[in-house]
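Working through the structure, step by step
Listed below, chain by chain, are the residues.
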Amino acid sequence: MLRSLAAHKEATGGENLFDAVLERELAGERVVLEGEHWVAFVPYAAHWPYEVHLYPRRRVPDLLGLDEAARGEFPRIYLELLQRFDRIFGEHEPPTPYIAAWHQAPFGQPAESGGVTRDDFALHLELFTIRRTSGKLKFLAGSESGMNVFINDVPPERAAERLREVAS
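Focus: the pairing of strand β1 (residues 31-34)
Bridging between β1 and strand β2 (residues 38-41) involves three bridges; their strand directions are antiparallel. Bridge pairing in β2 places V31 opposite F41. The turn linking β1 back onto β2 is made up of three residues.

Below is the structure:
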């Protein structure tokens, strides 16, 4: 992420990659849920059939950078996303298994950072399920596991649409 952030900054004359991604997603059709302080969207090149990235609207490097209002809104947004994951697969299914991972700015100045600082990094959460449809899991093919080349049969726009359809 640091290499991509530095390369984008250099290629664009200083534009922040995370800010550009969030701005582009807000203008498109992959937004799943918006709050006053948070935005959830299905990324352009989602690895998983149902994958959501959750960004605070104000770029901060880590959880400590969130203000009280953003911290207060987070549980409502997060729980709504988890409930939507359950609803897309039907009421007769067990709770949807999911993986959630926070991305925070590293401490120190890694050699590969290319001149970016902690303040250039954007805290965000990746949330995805290994389920692809009701009763079926997404198993990684050999090329996906071995080469880190993901194949996703659910277009991100369709995944976002489904996740909006099952709102509370």
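A few points about the packing of aromatic side chains
Counted under the stated rule, the structure contains nine aromatic pairs. Taking the centre distance of 5.4 Å and the plane angle of 45° together, the rings of F74 and W102 count as tilted. Remark: W102 occurs in strand β4 (residues 98-103) and F74 occurs in helix α3 (residues 68-88); sequence separation between them is 28 residues. Note on W102: relative accessible area 32%, which makes it partly exposed. A network of ring pairs unites the aromatic residues F18, F41, Y55 and F121 as a single cluster. Positioned over the ring face of F89 is R131, at 5.4 Å from the centre of the ring.

Let's talk about the side chain of R131
Here R131 is to be found in strand β6 (residues 131-133). Buried within the structure, R131 lacks any salt-bridge partner; E93 is the closest side chain of opposite charge, at an N-O distance of 4.0 Å. Reaching out from R131, the side chain makes a polar contact with the backbone oxygen of P94 at a distance of 3.4 Å. Within the local environment of R131, its side chain forms a polar contact with the side chain of T96, the two groups lying 3.4 Å apart.

Some details on the nonpolar core
Counting 28 residues, the largest nonpolar core has V32, W38, V42, V52, L54, L81 and L163 as its most contacted members. Contributing elements (two or more residues each) for this core: β1, β2, β3 (51-56), α3, β5 (124-129) and α5 (156-165). No other element matches α3, which puts eight residues into this core. Excluding anything up to four places from it in sequence, L81 contacts V32, L33, A40, V52, L54 and L127. By size, the runner-up hydrophobic cluster in this structure holds 14 residues, among which are L2, A6, V39 and F121.

A closer look at the sheet that holds β5
Within a sheet, each strand pairs with its neighbour through backbone hydrogen bonds, oriented either parallel or antiparallel. Ordered in space as β1-β2-β3-β5-β4, the five strands form an open sheet in which the pairing is antiparallel. Both edges of this open sheet fall to β1 and β4, since each of them pairs with a single strand only. Between one strand axis and the next, the sheet turns through 20° on average, direction left out of account. Strands β1, β2, β3 and β5 of the sheet are contacted by helix α2 (residues 17-26), whose axis makes an angle of about 70° with β2. Its contacts with the sheet put α5 on β1 and β3, and the angle it makes with β1 is roughly 40°.

Definitions and limits used
Residues numbered from 1 in each chain as written. Predicted model: local features only at pLDDT ≥ 70, side-chain atom pairs only at ≥ 80, totals over all residues. Heavy atoms only, no water. Pairing = 2+ DSSP bridges. Helix = DSSP H or I, 4+ residues; strand = E, 2+ residues; numbered from the N terminus. Phe/Tyr/Trp six-rings, centres within 6.5 Å; stacked < 30°, edge-to-face > 60°. Buried < 20%, exposed > 50% of the residue type's maximum accessible area, 1.4 Å probe, protein only. Lys NZ or Arg CZ within 6 Å of the ring centre and 35° of its normal. Lys, Arg positive; Asp, Glu negative; His and termini not counted. Salt bridge = Lys/Arg side-chain N within 4 Å of Asp/Glu carboxyl O. Polar contact = N/O pair within 3.5 Å; in protein donor to acceptor, adjacent residues only side chain to side chain. Core = buried A, V, L, I, M, F, W, Y, C linked by side-chain atoms within 4.5 Å. Contact = heavy atoms within 4.5 Å. Axes fitted to C-alpha atoms, helices over the stretch in contact; angles between N-to-C directions.

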